[in-house]
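What follows is each chain in one-letter form.
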Protein chains: 2
Amino acid sequence: MRAKHVAVAGVTGAVGQELLAVLQRRKFPISELTLLASERSAGKQIRFGEDTLPVQKLTAESFKGVDIALFSAGGSRSREFAPAAVEAGAVVVDNSSAFRMDPGVPLVVPEINPEAVKQHRGIIANPNCSTIALVVPLAPLHRAFGVKRVVVCTYQAVSGAGAAAMEELLEETRAHLNGQPFDRKVFPQQVAFNLFPHDSAMGDSGYCEEETKMVRETRKILGDPDLRIHATCVRVPVLRAHSEAVNIEFVRDVSPQEAYRVLAAAPGLDLFEDRAANRWASPIDASGKDPVLVGRIRRDLSNPNTLDLWLVSDQLLKGAALNAVQIAELL
Amino acid sequence: MRAKHVAVAGVTGAVGQELLAVLQRRKFPISELTLLASERSAGKQIRFGEDTLPVQKLTAESFKGVDIALFSAGGSRSREFAPAAVEAGAVVVDNSSAFRMDPGVPLVVPEINPEAVKQHRGIIANPNCSTIALVVPLAPLHRAFGVKRVVVCTYQAVSGAGAAAMEELLEETRAHLNGQPFDRKVFPQQVAFNLFPHDSAMGDSGYCEEETKMVRETRKILGDPDLRIHATCVRVPVLRAHSEAVNIEFVRDVSPQEAYRVLAAAPGLDLFEDRAANRWASPIDASGKDPVLVGRIRRDLSNPNTLDLWLVSDQLLKGAALNAVQIAELL
């Protein structure tokens, strides 16, 4: 692969920082690196390998000569600046929700639907973190056995709300332990030693936006617009990996052993469990790790043809930065 | 009601302490109060209203003249000493799992099956905390509409593992924030900023004991041995209230409005939500409160006749001490 001029928009955020780390760790061939962020962060110096690079203000003029622009600066900035990047000749890999459900924009998890990348017209969307974690095991099971219905409950880390949210969890917890008052800036409710249904906007359907994303994005990535899927998304006081309890009804009987066999051969995930020790994946097991950790596959004894599994995935890596860089590698 | 001689076994534990508080708050008519615990705690002085009472060592001889013995000292102590209490003429309300599935022992949630108390032969069992929280809204919905299948995921506070577990969460969190090592005594894994599938013993079925309890106890309390119910139980870094995401398939179409109407008239729960503000119950809303908080009722768009709801319940109160005292009040 010819070395590329890469731009990272939103480089000072939690995902932006992971994007730089993943680019470096995977030795992505970079001829030039442009670091972009809001005006507030412009002028900061950021280390990348041997180099120290200045952060520049993200504008419509930022993309001259850029081959690949990795966006992780929020939906409104993607909507504002991604078209300018495409205009300048870059391919945008966008981590926001701005373009994901646009029929002209591929929504890609490289282990699942890499071929979709070819359809791009300048923008490729990176799915939502909780969706990526789910589809990595769900897609191979769906292909092998046929999925009839999915019911998923999430246990989502605060990293999904950005670096400030991670800081808020730590600071609020510290204040709580010291019996001090705390002035929240990110979350609408106490998150220290607490949890709450995901605070993304409620739709008329009664599903919040995060849940609707899981439903729609999963269908798009799997290429199955009629897939029956129900989600409940919950924010928990965990720093950076999402957990999900996934109940999967298949069109026929599938034994846990059959499911384990399919997943053992599936890319992007590791089977992680020690059944004898009653030990399953937890967020700290997955933090900083690339693969989605999957295990605890058991029959749901309340329903025929139904299995249940447990997964944990680093929200900042496979849920965001890693998947985006993997998309860039496909280009 | 004639004032009773009440004994509390396990009085120094998290539930034991709440039992005293609930007895006092509800003005339970007490003629004499005997406080019992393991040898380690014997001799401690505990305040109860105006009085300060000594903790005595729990033995088979502890129950002379006792009318009602509230046990919350773990399953093995219940098995060892509850028969002696019954022999001495006391009625035992047992908070452990020792006798719950014994066909000769009523398993009672006073709002649901108070009539079962009459069948007792000396022992009445208090259900598991996560089961109580579930059946308080599930039973009236089942009676009104007929439940076909339940899929529940829990978000369980550490209080379910006792006072030492609550202390461990606080201390481990403090150590984590200060970058210090921590020596765990209660949980098999880090619980600070982490979570894990419930660590109760795994059965051959693939369900852990906590999940099996939810399945079996719910069937027994509802008097419906064939109820189809599936549970996933997860421990989260929350101090004292359990949350549950509950997916309920009914035998016919039920609108959220119908379900809200039934629950608005149901005892033991409060509807708690502000839909416009996207605000639902969280553990700190429920902590220290008697009712199970229920809300976020929505249609599951993946399946006909199916609703989803969210509930939070103080594990130490309705999940344990309050329910036990309510049973004692029925006697």
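Remember, it's a predicted structure, so these values are computed and weren't measured experimentally. (Residues numbered from 1 in each chain as written. Chains lettered and ligands numbered in written order. Predicted model: local features only at pLDDT ≥ 70, side-chain atom pairs only at ≥ 80, totals over all residues.)

**Section: the confidence of the model for chain A**
Caution applies to low-pLDDT parts of the model: their predicted coordinates are not meant to be read in detail.
No. 1: Confidence along chain A averages 97 in pLDDT terms, with 100% of residues attaining 70 or more.
No. 2: Prediction confidence for the complex, expressed as pTM and ipTM, is 0.97 and 0.96 respectively. (pLDDT = per-residue confidence, 0-100.)

**Details of the packing of helix α3 (residues 129-145) of chain B against helix α6 (residues 256-264) of chain B**
All names here are of chain B.
No. 1: Orientation of α3 relative to α6, taken along the N-to-C sense of each, is 120 degrees, at an axis distance of 9 Å. Compared by their axis directions, α3 and α6 come out oblique. Seen along the crossing, α3 lies across α6 with a hand that is right-handed. Across the interface between the two elements, P137, P140, L141 and A144 of α3 pack against A259, V262 and L263 of α6.
No. 2: Broken down by class, the residue content of the contact of α3 with α6 amounts to seven nonpolar, no polar and no charged. (Axes fitted to C-alpha atoms, helices over the stretch in contact; angles between N-to-C directions. Helix = DSSP H or I, 4+ residues; strand = E, 2+ residues; numbered from the N terminus. Parallel < 35°, antiparallel > 145°, perpendicular 65-115°, else oblique. Left-handed = near helix turned anticlockwise from the far one by under 90°. Contact = placed C-beta atoms within 7 Å. Nonpolar A, V, L, I, M, F, W, Y, C, P; charged D, E, K, R; others polar.)

**Here we look at the relation of the copies chain A and chain B**
No. 1: Mapping chain A onto chain B calls for a screw motion: a turn of 180 degrees about the axis and a shift of 0.0 Å along it, with 0.0 Å RMSD after fitting. Look at the turn and shift together and you get a two-fold axis relating the two. (Least-squares fit on C-alpha atoms with pLDDT ≥ 70 in both.)

**Brief notes about unusual backbone geometry**
Residues and elements named next belong to chain A.
No. 1: Even without glycine at this site, F193 takes up a positive phi of about 50 degrees.
No. 2: For F193, the position within the fold is in the loop between α4 (163-177) and β9 (196-197).
No. 3: Since 25 C-beta atoms lie within 10 Å of it, F193 is described here as buried. (Buried ≥ 20, exposed ≤ 12 C-beta atoms within 10 Å, placed from the backbone.)

**Points about the interface of chain A and chain B**
No. 1: On the side of chain B, 48 residues touch chain A, which itself brings 48 residues to the contact.
No. 2: Contributions of two or more residues to the side of chain A that touches chain B are made by β8 (147-155), α4, β9, β10 (228-232), β12 (241-250), α7 (283-286), β16 (292-299) and β17 (306-314) of chain A.
No. 3: For the side of chain A that touches chain B, the class distribution of residues is 24 nonpolar, 14 polar and 10 charged.

**Some details on the domain arrangement of chain A**
Where interface size is given, it is often the accessible area lost as the parts come together that is meant.
Residue and element names in this part refer to chain A.
No. 1: Under the domain assignment, chain A is made up of domain 1 (4-127 + 321-330) and domain 2 (131-315).
No. 2: On a C-alpha basis, the centres of domain 1 and domain 2 stand 25 Å from each other.
No. 3: Each side of the interface is counted separately: domain 1 has 13 residues, and domain 2 has 18 residues.
No. 4: In terms of residue class, the side of domain 1 that touches domain 2 is made up of seven nonpolar, four polar and two charged. (Domains from an automatic or database assignment.)

**Structural notes on the sheet that holds β12(A)**
Residue and element names in this part refer to chain A.
No. 1: Pairing within the open sheet is mixed, and its six strands lie in the order β10-β8-β12-β17-β16-β13. The sheet is open, and its two borders are formed by β10 and β13 (269-271), each paired with just one other strand. Pairs of neighbouring strands in the sheet enclose a mean axial angle of 25 degrees, with direction left out of account.
No. 2: Pairing geometry for β8 and β10, over five bridges, is parallel. For C153, the partnering residue across the bridge sits in β10 and is T232.
No. 3: Sitting on the sheet, helix α3 (residues 129-145) is in contact with β8, β12, β13, β16 and β17, with an inclination near 30 degrees to β12.
No. 4: Helix-sheet contacts for helix α5 (residues 209-222) involve β8 and β10, and the interaxial angle to β10 is about 155 degrees. (Pairing = 2+ DSSP bridges.)

**Regarding the environment of A:L301**
No. 1: Tracing the chain through its elements places A:L301 in the loop between β16 and β17.
No. 2: Linking A:L301 and A:N113, residues 188 residues apart in sequence, is a C-alpha distance of 32 Å.
No. 3: If we ignore the near neighbours within four places in the chain, the residues touching A:L301 are B:S205 and B:H230.

**Some points on the sheet that holds strand β1 (residues 4-9) of chain A**
Residue and element names in this part refer to chain A.
No. 1: Pairing is mixed in the open sheet, where seven strands are placed in the order β3-β4-β2-β1-β5-β6-β7. One side of each edge strand has no neighbouring strand; the edge strands of this open sheet are β3 (45-48) and β7 (123-125). The mean inter-strand angle of the sheet, taken between neighbouring strand axes irrespective of direction, is 25 degrees.
No. 2: The pairing of β3 with strand β4 (residues 51-57) spans four bridges and is classified as antiparallel. Bridging across to β4, I46 finds its partner in L53.
No. 3: Helix α1 (residues 14-25) contacts β1, β2 (30-37), β3 and β5 (68-71) of the sheet and is inclined by roughly 155 degrees relative to β1.

**A short note on helix α8 (residues 317-330) of chain B**
Residues and elements named next belong to chain B.
No. 1: Counted at 1.5 Å a residue, the expected span for α8 with its 14 residues is 20 Å, but the 17 Å between its end C-alpha atoms falls short.
No. 2: Along α8, 12 of the 14 residues are buried, which leaves the element largely enclosed by surrounding structure.
No. 3: When α8 is considered as a whole, its buried residues turn out to be L317, K318, G319, A320, A321, L322, N323, A324, V325, Q326, I327 and A328. (Expected span 1.5 Å × (residues − 1).)

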